[in-house]
Every structure is written in structure tokens, then in C-alpha cells.
Amino acid sequence: MSKFLFFSDSHGCSGALRELAARVENESPDLVCFLGDALYHGPRNSIQCDYNPRDSAALMNSMSDRIIAVRGNCDAEVDQMMLGFPLLETYSFVVCDGLRVFLTHGHIYGPDNLPKIAGPYVMVTGHTHVPVLEKDKSGIVFVNPGSIAIPKASSLPSYSVLEGRRFSLKALYTGQEYKSMTV
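Described in the following lines is the structure provided in the data block. Starting afresh in each chain, residues are numbered from 1 along the sequence in its written order. For a predicted model such as this one, the threshold for reporting local features is a pLDDT of at least 70, and the threshold for listing and counting side-chain atom pairs is 80 or more; totals across whole chains, interfaces and linings nevertheless cover every residue. Note that the side-chain values use all heavy atoms of the structure and ignore hydrogens as well as water.

What follows concerns helix H1 (residues 14-27). In this model, H1 (14 residues) spans 19 Å end to end at C-alpha, consistent with the 20 Å of a helix rising 1.5 Å per residue. The cut-offs for exposure are 20% and 50% of the maximum accessible area for each residue type, with area from a 1.4 Å probe on protein chains only; residues under the lower value are buried, those over the upper are exposed, and the others partly exposed. Here a helix means four or more residues in a row that DSSP labels H or I, a strand means two or more in a row labelled E, and each is numbered from the N terminus. For H1, the set of buried residues is Ser14, Ala16, Leu17, Glu19, Leu20, Arg23, Val24 and Glu27. Throughout, a contact is declared for two residues whenever any of their heavy atoms are within 4.5 Å. The inward-facing, buried residues of H1 contact strand S1 (3-7), strand S2 (31-34), helix H2 (53-61), strand S9 (158-163) and strand S10 (166-171). The positive-phi residue at the C-terminal boundary of H1 is Ser28, with phi of around 50°. Each helix should span, by expectation, one fewer than its residue count multiplied by 1.5 Å.

Pasting the structure below:
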């Protein structure tokens, strides 16, 4: 059974990435899927107290042998020069135990703008900084792991895990699962 870990919106916060690296060590996933917004905080977000793009790049590079990443709206070509894995694609697909998973940041494709692809599939996005795990009427499962660094809508810093066909949302600093769904 395969195990994938999803995270998004680190925005250069090295403390959150340090904690994520510990979760990756503990969870031991086969693949780590990063959903964009790696190093820059963006003009709408406040600079976090642990904002350190250079250390953040080093922490992400320490996991580069198992990272699949997509570009977020705050990622730029200059960020790619610091990262040891490709980051500039708008979307990607991964397959976990026969389940097709569409990865994108969420600023182009998302629940309100679905890509024209054959279903069934799971759509995993970031961008909103709010964790989501739900299925719509057509059967598409939407997952947003939230943000590890700048959570919004009173959510906690979080990430998601897919093991076999079971998704779970987990709190970053405790690893505690707080929502799950089998698809």
C-alpha cells in the first residue's frame, strides 16, 4: 500500500518546514506532494516571524528525492534556482494504489474551475490556506491540506496524508488526525 503526504503554502516559513520535515520522517511517505507557494510570503500575507527563504529552500531540498511539486501563484523562476526539484508546472498527476490524483495549487484550477480531464479523480489543491476534505455530487473528491505556515479561517497549520485510498487531514504540530475519508 502506497502512502503520500501533501502540503502547501509554506511561504518561506522555516519553522513550519522544520516541523513538516519531522512529520515526513515520522509518516515515512513514499512521495511528498507540494502544492505551491514555497519561498515568498506574497503581498497579501504578513511576513511570519520565522520567514527565512534560504533556510526554507534548504529544508525543502533535504526532501527533494521524494517531492513532486506544482507552481503556486507566489512562486517564481528565481525560486526554482534555489530548489532542487521542479516547481514550475501548473499541475501534475500522481497515482496512488490505482487512484488518480490531480495536483494543482488552486489559483487556476479548483472546485469552481475543473480541468477538462476524464474522471474519476481526486483534486488536491492548496492556495486558500483552509483545509478541505469533501466529495461533490459528481463524485470528485476535493482535498486541500491547508497551509503549514499561514492558516486561515481559524484553521490550524495542517497537512494531508493518503494511504491506500484513505485521506486524512492532520494538525502539523501534533500529527493528530482530525478528519478522514476513504475514496
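Among the structural elements, Ser160 can be located in strand S9. A polar atom in the side chain of Ser160 sits 2.9 Å from the backbone oxygen of Ser168. Not counting the four nearest positions on each side in its chain, Ser160 is found in contact with Phe4, Leu5, Phe6, Val143, Pro145, Phe167, Ser168 and Leu169. Any pair of N or O atoms that falls within 3.5 Å is considered a polar contact. Within protein, one atom must be able to donate a hydrogen and the other to accept it, and sequence-neighbouring residues count only if both atoms are side-chain atoms.

The subject of this paragraph is the pairing of strand S4 (residues 91-96). Summarising the sheet, S4 and strand S5 (residues 99-104) pair through 6 bridges and their orientation is antiparallel. Bridged to Val95 within S5 is Arg100. One requirement defines pairing of two strands: DSSP has to find at least two bridges between them. Where S4 folds back onto S5 in an antiparallel hairpin, the turn is made up of 2 residues, including Asp97, whose phi is positive at roughly 50°.

Quick look at the sheet that holds strand S7 (residues 132-135) now. Taken together, the 5 strands give an open sheet; going across it, the order is S4-S5-S6-S8-S7, and neighbouring strands pair in mixed fashion. Of all strands in the sheet, those with a lone pairing partner are S4 and S7, marking the two edges. Strand-to-strand twist of the sheet, defined as the mean angle between neighbouring strand axes without regard to direction, takes the value 20°. The sheet contact formed by S7 and strand S8 (residues 141-144) spans 4 bridges and is antiparallel. Of the residues in S8, the one forming a bridge with Val132 is Asn144. Each axis is a line fitted through C-alpha atoms, taken for helices only over the stretch in contact, and angles between the N-to-C directions span 0 to 180 degrees.

Taken by themselves, the reported measurements are silent on function.
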